[in-house]
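# Coordinate inspection notes
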Amino acid sequence: MNPEEKKEHSGDADQLIPVERLAAMLCTTPQSIRTRIQYAPERFPPLVRIPGCRRLLWRLGTVTNWIRDHEKQAPPLEQAVRGLGRGVDSSAYQGSLAGPALPARRKRAPARLKD
């Protein structure tokens, strides 16, 4: 058992963590979490609501379990990057991601030199 697992089993799983620590764990910013949790709270671990407290708090054990659950859902790396190498026709990707094609830019006429 590594030291982190020992901490989780020794009662730290019930430790409450603020949005700043959750942001560090998820490699994002606290402001990004505050904004996104208003629109899609189901995409985050469950919050701990304490009466009279406005802070966003989570249980450390719940967050670590939530991260583990989401790791299992991710596709294997080889599937995620398959087809994005050299020699692959990427026009299908460009059309779906870029939206409608932009008109071609006009070429500028060469600059004329003054005599």
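Let me begin by describing the structure that accompanies this report. (Residues numbered from 1 in each chain as written. Predicted model: local features only at pLDDT ≥ 70, side-chain atom pairs only at ≥ 80, totals over all residues. Heavy atoms only, no water.)

## Some thoughts on the overall build of the chain
In plain terms, the rule: Counting from the N terminus, the helices are DSSP H or I runs at least four residues long and the strands are E runs at least two residues long. Classification of residues uses two cut-offs on accessible area relative to the type maximum, computed with a 1.4 Å probe and protein chains only: under 20% is buried, over 50% is exposed, and between them is partly exposed. Note on definitions: a residue-residue contact is assigned when non-hydrogen atoms from the two residues lie within 4.5 Å. Where accessible areas are quoted, they stem from the Shrake-Rupley method and a 1.4 Å probe; at the residue level, only the protein chains shown are allowed to cover.
Broken down by element type, the chain carries 6 helices and 2 strands. Taking all 115 residues of the chain together, 16% fall into the buried category. Relative to all contacts within the chain whose residues are 6 or more apart in sequence, the contacts with residues 24 or more apart total 50%. As displayed, the chain offers around 10300 Å² of accessible surface, 53% of which is attributable to carbon and sulfur atoms.

## Quick look at the nonpolar core
The condition is simple: As used in this record, nonpolar core signifies buried Ala, Val, Leu, Ile, Met, Phe, Trp, Tyr and Cys residues forming a set joined through side-chain atoms within 4.5 Å.
Grouped together as the largest cluster of nonpolar side chains are 11 residues: Ile17, Val19, Leu22, Ala23, Ile33, Ile37, Phe44, Leu56, Trp58, Leu60 and Val63. Of all the secondary-structure elements, those providing two or more residues to this core are helix H2 (19-25), helix H3 (30-39) and helix H4 (60-73). Per element, the largest residue contribution to this core is 3 residues, and it comes from H2.

## Points about unusual backbone geometry
Despite not being glycine, Cys27 shows a phi value in the positive range, around 55°. Along the polypeptide, Cys27 turns up in the loop between H2 and H3.

## Some words on the pattern of salt bridges
Put simply, the test is: Salt bridge, as applied in this entry: a Lys or Arg side-chain nitrogen positioned within 4 Å of an Asp or Glu carboxyl oxygen.
In total, this model carries 2 salt bridges according to the counting rule given. Notably, a salt bridge pairs Glu20 with Arg55, separated by 4.0 Å at the nearest N-O pair. Within this pair, whereas Glu20 is found in helix H2, its partner Arg55 is found in the loop between H3 and strand E2 (57-59), the two being separated by 35 residues in sequence. Exposure remark for Arg55: the relative accessible area of 51% places this residue in the exposed category.

## Observations concerning the side chain of Thr64
Our working definition: Residues adjacent in sequence count toward polar contacts only when both atoms are side-chain atoms; beyond that, a polar contact is any pair of N or O atoms within 3.5 Å, and within protein one must be able to donate a hydrogen and the other to accept it.
The residue Thr64 is located in helix H4 in this model. Taking the relative accessible area as the measure of exposure, Thr64 reaches 18% and is therefore buried. Only 3.0 Å separates the side chain of Thr64 from the backbone oxygen of Gly61, close enough to count as a polar contact.

## Considering the environment of Leu26
By secondary structure assignment, the location of Leu26 is in the loop between H2 and H3. Judged by relative accessible area, Leu26 falls into the partly exposed class, the value being 26%. Distance in space between the C-alpha atoms of Leu26 and Ile67 is 8.7 Å, their sequence separation being 41 residues. Not counting residues up to four positions away in its chain, the partners in contact with Leu26 are Ile33, Trp66 and Ile67.

## Considering the environment of Gln15
With respect to the helices and strands, the residue Gln15 is situated in the loop between helix H1 (3-9) and strand E1 (16-18). Taking relative accessible area as the criterion, Gln15 reaches 34% and is therefore assigned partly exposed. Separated by 42 residues in the primary sequence, Gln15 and Leu57 place their C-alpha atoms 9.7 Å from one another. Beyond its immediate stretch of four places on either side in the chain, Gln15 contacts Arg21, Trp58, Arg59 and Leu60.

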